[in-house]
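# Coordinates in review
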Protein chains: 2
Amino acid sequence: MSSLQINEVAPRDGLQIETEFVPTADKIGLIDALSATGLARIEATSFVSPKAIPQLRDAAEVVTGIQRRPGVGITVLVPNVKGAERALACSVDEINLVMSASDSHGVANLRMTPQQSLEQFAAIIDTVRAHPQGRDVFINASLSTSFGCPFEGEVPEAQVLDLVEQQLTLGVQGVSLCDTTGMANPAQVARLCEAVLERFPEVPFTLHFHNTRGMGLANAMAAWQAGIVRFDASLGGLGGCPYAPGATGNVCTEDLVHMFEEMGVSTGVDLDALLDVSARLPPLIGHETPGQVVKAGKADRRYPMPTR
Amino acid sequence: MSSLQINEVAPRDGLQIETEFVPTADKIGLIDALSATGLARIEATSFVSPKAIPQLRDAAEVVTGIQRRPGVGITVLVPNVKGAERALACSVDEINLVMSASDSHGVANLRMTPQQSLEQFAAIIDTVRAHPQGRDVFINASLSTSFGCPFEGEVPEAQVLDLVEQQLTLGVQGVSLCDTTGMANPAQVARLCEAVLERFPEVPFTLHFHNTRGMGLANAMAAWQAGIVRFDASLGGLGGCPYAPGATGNVCTEDLVHMFEEMGVSTGVDLDALLDVSARLPPLIGHETPGQVVKAGKADRRYPMPTR
């Protein structure tokens, strides 16, 4: 039986764009509940400047406050050397570096071109590997706009492959290909996944989709058919992109788990437990979520016959 | 280049479950606008009893009021002999018969078991073929709960194949396999589509999906990969099922067209024109629709760089 690894990104990618600050204790409670569902990894927070993203200003308290469970990797977003030092002090399992595949998105989102990001990656990786807590930390890199840029449009496949190659040369161990604003389609996903798996067969690739245009699960299926077994997903479908107004968020974890489990592909996740955690989101964030299964119930839900 | 045929079902499957009656002139305006977008077929209404579905009590006025365009087939749902006679008097191109693949859904939705529906099909088909306007009318049959029943659960593939065989023996010319309450998953879709296409290679099969659990487009992709080229879809994602509360509606036409066109699969539909028609729905029905592309824009939408 095939099996997948799910990286839950709602605590970082979801909560960072919520208007209201979610209290630290609630974040910890959310992550602890997620840890108990069998998810392979959880992106717990971002060690970004508290001024840049005040919603995640409690990064260190969150990571040191959560329960650590064997088998559940805790990963954190790290934007720079200072962030790496703060993250390592909290004994994270993995750090996730972020850069864009396109110049304009890099400058808009990170104030760095891809080449400037790669220089920063080198400095961060040096810091991590020289740090007493950093030798065994897994270093992942997320490549935003891998399937297209909301400012400049098409991002050539060769450009993505070249940036992945440069990341790996610097010591990056895993790469997440991100459809940051939901521009990918299944045919494109199949092509790019086949290309990276052929050229870098030893590298664990993670696919990160948004449901902006309704194609999130179709893209995940296309990636899985191409051989991808690691996915980012966000509880309730939280997340989104400040440059894509009107858009829904990341691909929804429970909807992704539900689809693959229905297909007979094991995710290792207790879906009922995950749905219970998802149902706790609306009071936490103050609004409904775009997740579908949490509202409609699983496909095996049975209804009573109507009475006339 | 591959190409698809889209059967737009919003005027029937969508409007029949809206709380408010949409005025006849608005229905005619909607169908005329849809006709101009290049859709292959439009299911315009249902010749059901006005008491059973008052929202569609104007079936004859709608069908006789719309503009008929060459290349756009007008199909209508016909539940019984009387409905067939009313439909034929309006010179429809196609009639769509409906039955369930499962006993309990048939009884709940139509007050007929599948066997009783087949007997009724025989009577309707006799009437159509004996009618002066009926000799060239295409007879399609929709098979509800082909992928599972919300009351009794699994519907065996052999049962679906057997019912299709019986429909064809009676003179049905095309069959729509319907995932009435959104229970299908892509692996199941691939299996059933491959099975029907292998056993009945000459029959035009249409796949009808709901997005109840977010899998609508993934299921459509799986069906297309298996060789299916005809899809039901509903503008804005209107529709749903009275037995699946909390569920979203049918797979959304513009989202389906957008996905396939992005993949390089021609649908014959002018997507910009279709999005314009979809944007007219909320004032017509008094609420937002679940469609995504009409809110987020197409994948080729470009944004201005943010200013700091």
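These remarks concern the structure in this document. Treat the numbers as computed from the prediction; the structure is a model and nothing was measured.

Another aspect to go through is the interface of chain A and chain B. The interface of chain A with chain B comprises 50 residues on the first partner and 50 residues on the second. Across the chain A/chain B interface, buried area totals approximately 3900 Å², and carbon plus sulfur atoms make up 60% of it. At the junction of chain A with chain B, the criterion picks out zero salt bridges. Linking chain A with chain B are 11 residue pairs in polar contact (both at pLDDT 80 or more), by the criterion used here. Among the secondary structure elements, those contributing two or more residues to the side of chain A that touches chain B are helix 5 (103-110), helix 8 (186-199), helix 9 (216-225), helix 10 (253-262) and helix 13 (293-296) of chain A. Ranked by residue count, the leading element in the side of chain A that touches chain B is helix 9 of chain A, at five residues. Of the residues that constitute the side of chain A that touches chain B, the class distribution is 26 nonpolar, 13 polar and 11 charged.

All names here are of chain A. The strand order 1-2-3-4-5-6-7-8 describes a closed barrel built from eight strands, whose pairing is parallel. Taken over all neighbouring pairs, the strand axes of this sheet differ in orientation by 25° on average, direction set aside. As paired strands, strand 1 (residues 5-8) and strand 2 (residues 41-46) are joined by two bridges and run parallel to one another. Pairing of glutamate 8 across the sheet is with isoleucine 42, part of strand 2. Here helix 6 (residues 114-130) sits on the sheet and contacts strand 4 (94-100) and strand 5 (138-144); the angle it forms with strand 4, its principal contact strand, is near 165°.

Another point: the packing of aromatic side chains. According to the stated counting rule, one finds eight aromatic pairs over all chains in the structure shown. With a centroid separation of 6.0 Å and an interplanar angle of 45°, the aromatic rings of phenylalanine 147 of chain A and phenylalanine 209 of chain A are classed as tilted. Residue phenylalanine 147 of chain A is located in the loop between strand 5 and helix 7 (157-170), and its partner phenylalanine 209 of chain A is located in the loop between strand 7 (205-208) and helix 9; the two are separated by 62 residues in the primary sequence. Each of the two residues, phenylalanine 147 of chain A as well as phenylalanine 209 of chain A, counts as buried. Ring geometry for phenylalanine 200 of chain B versus phenylalanine 205 of chain B: centroids 6.2 Å apart, planes at 45°, classification tilted. A relative accessible area of 8% means that phenylalanine 200 of chain B is categorised as buried. The exposure class of phenylalanine 205 of chain B is buried, given its relative accessible area of 3%. These aromatic residues form a ring-pair network of at least three members: Trp224, Phe231 and Phe260 of chain A. The ring of phenylalanine 21 of chain A carries the charged tip of arginine 57 of chain A above its face, separated from the ring centre by 3.8 Å.

Turning our eyes to something else, we now look at the pairing of strand 8 (residues 230-233) of chain B. Side chains on a regular strand alternate between the two faces of the sheet. Residues and elements named next belong to chain B. Residues Arg230 and Asp232 of strand 8 are buried on one face, and the alternating residues Phe231 and Ala233, pointing to the opposite face, are buried as well. By the bridge criterion, four bridges tie strand 1 (residues 5-8) to strand 8 in an arrangement that is parallel. Within strand 8, the residue paired with isoleucine 6 across the bridge is phenylalanine 231. Alignment of strand 7 (residues 205-208) against strand 8, held across three bridges, turns out to be parallel. Among the inter-strand pairings, threonine 206 is bridged to a residue of strand 8, identified as arginine 230. The parallel pair strand 7 and strand 8, bridged by helix 9 (residues 216-226), forms a crossover whose chirality is right-handed.

Glancing now at helix 2 (residues 24-35) of chain A. Its 12 residues place the ends of helix 2 of chain A 16 Å apart at the C-alpha level, agreeing with the 16 Å of an ideal helix rising 1.5 Å per residue. In this fold, the buried residues of helix 2 of chain A make contact with strand 1, helix 1 (10-14), strand 2, helix 3 (59-65), helix 11 (271-279) and helix 12 (281-285) of chain A.

Glancing now at the environment of leucine 39 of chain A. Residue and element names in this part refer to chain A. As for its position among the elements, leucine 39 is in the loop between helix 2 and strand 2. With 20 residues separating them in the primary sequence, leucine 39 and alanine 59 have C-alpha atoms 20 Å apart. Apart from the residues lying within four places of it in its own chain, the contact partners of leucine 39 are Ile6, Glu8, Leu34, Gly71, Val72, Thr253, Val269 and Leu274.

Take the pattern of salt bridges next. Per the stated rule, a full pass over the model turns up 14 salt bridges over all chains. Ionic pairing is found between arginine 41 of chain A and glutamate 94 of chain A, a salt bridge with its closest N-O pair at 2.5 Å. Linking arginine 41 of chain A in strand 2 with glutamate 94 of chain A in strand 4, this pair joins segments that are 53 residues apart in sequence. Ionic pairing is found between aspartate 93 of chain B and arginine 68 of chain B, a salt bridge with its closest N-O pair at 3.2 Å. Of this pair, aspartate 93 of chain B sits in the loop between helix 4 (81-88) and strand 4 (94-100) while arginine 68 of chain B sits in the loop between helix 3 (59-65) and strand 3 (73-77), and the two are 25 residues apart along the sequence.

What follows is about unusual backbone geometry. Residue and element names in this part refer to chain A. You will see that serine 91, though not glycine, has its phi angle at about 55°, which is positive. Here serine 91 is to be found in the loop between helix 4 (81-88) and strand 4. Non-glycine residue threonine 145 carries a positive phi angle of around 55°. Its location among the elements puts threonine 145 in the loop between strand 5 and helix 7. Given the relative accessible area of 1%, threonine 145 is considered buried.

Quick notes on the rules
Residues numbered from 1 in each chain as written. Chains lettered and ligands numbered in written order. Predicted model: local features only at pLDDT ≥ 70, side-chain atom pairs only at ≥ 80, totals over all residues. Heavy atoms only, no water. Contact = heavy atoms within 4.5 Å. Buried area = accessible area lost by both parts, 1.4 Å probe. Salt bridge = Lys/Arg side-chain N within 4 Å of Asp/Glu carboxyl O. Polar contact = N/O pair within 3.5 Å; in protein donor to acceptor, adjacent residues only side chain to side chain. Helix = DSSP H or I, 4+ residues; strand = E, 2+ residues; numbered from the N terminus. Nonpolar A, V, L, I, M, F, W, Y, C, P; charged D, E, K, R; others polar. Pairing = 2+ DSSP bridges. Axes fitted to C-alpha atoms, helices over the stretch in contact; angles between N-to-C directions. Phe/Tyr/Trp six-rings, centres within 6.5 Å; stacked < 30°, edge-to-face > 60°. Buried < 20%, exposed > 50% of the residue type's maximum accessible area, 1.4 Å probe, protein only. Lys NZ or Arg CZ within 6 Å of the ring centre and 35° of its normal. Right-handed = clockwise from strand over helix to strand, strands pointing away. Expected span 1.5 Å × (residues − 1).

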